[in-house]
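Each chain, written out:
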Amino acid sequence: PTLKSCQAENKDNDRVRLTGEAHSLLGAYPFDILVEHDRNPSRFHSHWQGDSGDGQQLKGSWTVTPHGSGQTLLVYVSHTEIKGYPDWVVVNALLSRQPKVMQAVADELDRRSKP
């Protein structure tokens, strides 16, 4: 829900380049990130790093691990720097949109679990 556009280019089985435009309370910003996936039986970890021409720095990850009987733990970490804004402003803008992001993840998982 935070992306205005996104194009994916598969680099190989474990890497995808994502480009597009994200939006927040601070405006719309282009992004160009390389997402790498680490898979093993006990967890799935995706991490990314990238930037845009206007001084935006992006870094983050998703880690998915089993958590109890029939449950999964999702840990999402994100760090974004936007030229011209103090870190606390960027952090608060990102936190304000996280409920929508997590709801979108839950909706997608629910959709995929139905035959």
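Residues numbered from 1 in each chain as written. Predicted model: local features only at pLDDT ≥ 70, side-chain atom pairs only at ≥ 80, totals over all residues. Heavy atoms only, no water.

Quick notes on the overall build of the protein
Across its full length, the protein holds 1 helix and 6 strands. For the protein, the succession of helices and strands along the chain, N to C, is β-β-β-β-β-β-α. Along the first, second and third principal axes, the C-alpha atoms of the protein reach 45 × 30 × 25 Å. Looking at the protein residue by residue over its 115 residues, the buried ones come to 26%. Only carbon and sulfur atoms are counted for the fraction: they give 53% of the accessible area of the protein, which is about 7900 Å². (Helix = DSSP H or I, 4+ residues; strand = E, 2+ residues; numbered from the N terminus. Buried < 20%, exposed > 50% of the residue type's maximum accessible area, 1.4 Å probe, protein only. Areas by Shrake-Rupley, 256 points an atom, 1.4 Å probe, with all protein chains shown as cover.)

Observations concerning the packing of aromatic side chains
Here the structure, examined in full by the defined rule, presents 2 aromatic pairs. When the ring of Trp48 is compared with that of Tyr76, the centres are 6.3 Å apart and the planes differ by 35 degrees; the resulting orientation is tilted. Of this pair, Trp48 sits in strand 4 (residues 43–51) while Tyr76 sits in strand 6 (residues 72–81); the two residues are 28 residues apart in sequence, bridging distant segments of the chain. Tyr76 gets classed as partly exposed once you look at its relative accessible area, which sits at 28%. In this structure an aromatic cluster arises from ring pairing among Trp48, Trp62 and Tyr76. (Phe/Tyr/Trp six-rings, centres within 6.5 Å; stacked < 30°, edge-to-face > 60°.)

Things to note about the pairing of strand 5 (residues 57–66)
Relative to strand 5, strand 4 runs antiparallel, the two sharing 8 bridges. Within strand 5, the position partnered with Trp48 by the bridge is Gly60. Note that strand 5 and strand 6 share 10 bridges and pair antiparallel. Following the sheet pairing, Thr65 is matched in strand 6 by Leu73. Between the antiparallel neighbours strand 5 and strand 6 lie 5 residues, among them Gly68 with a positive phi of about 80 degrees. (Pairing = 2+ DSSP bridges.)

So, the environment of Glu21
Looking at the element boundaries, Glu21 is found in strand 2 (residues 15–24). Ignoring sequence-local partners within four residues, the contact set of Glu21 consists of Leu3, Lys4, Ser5, Ala28, Tyr29, Pro30 and Phe31. (Contact = heavy atoms within 4.5 Å.)

Read these as geometric descriptors, not functional statements.
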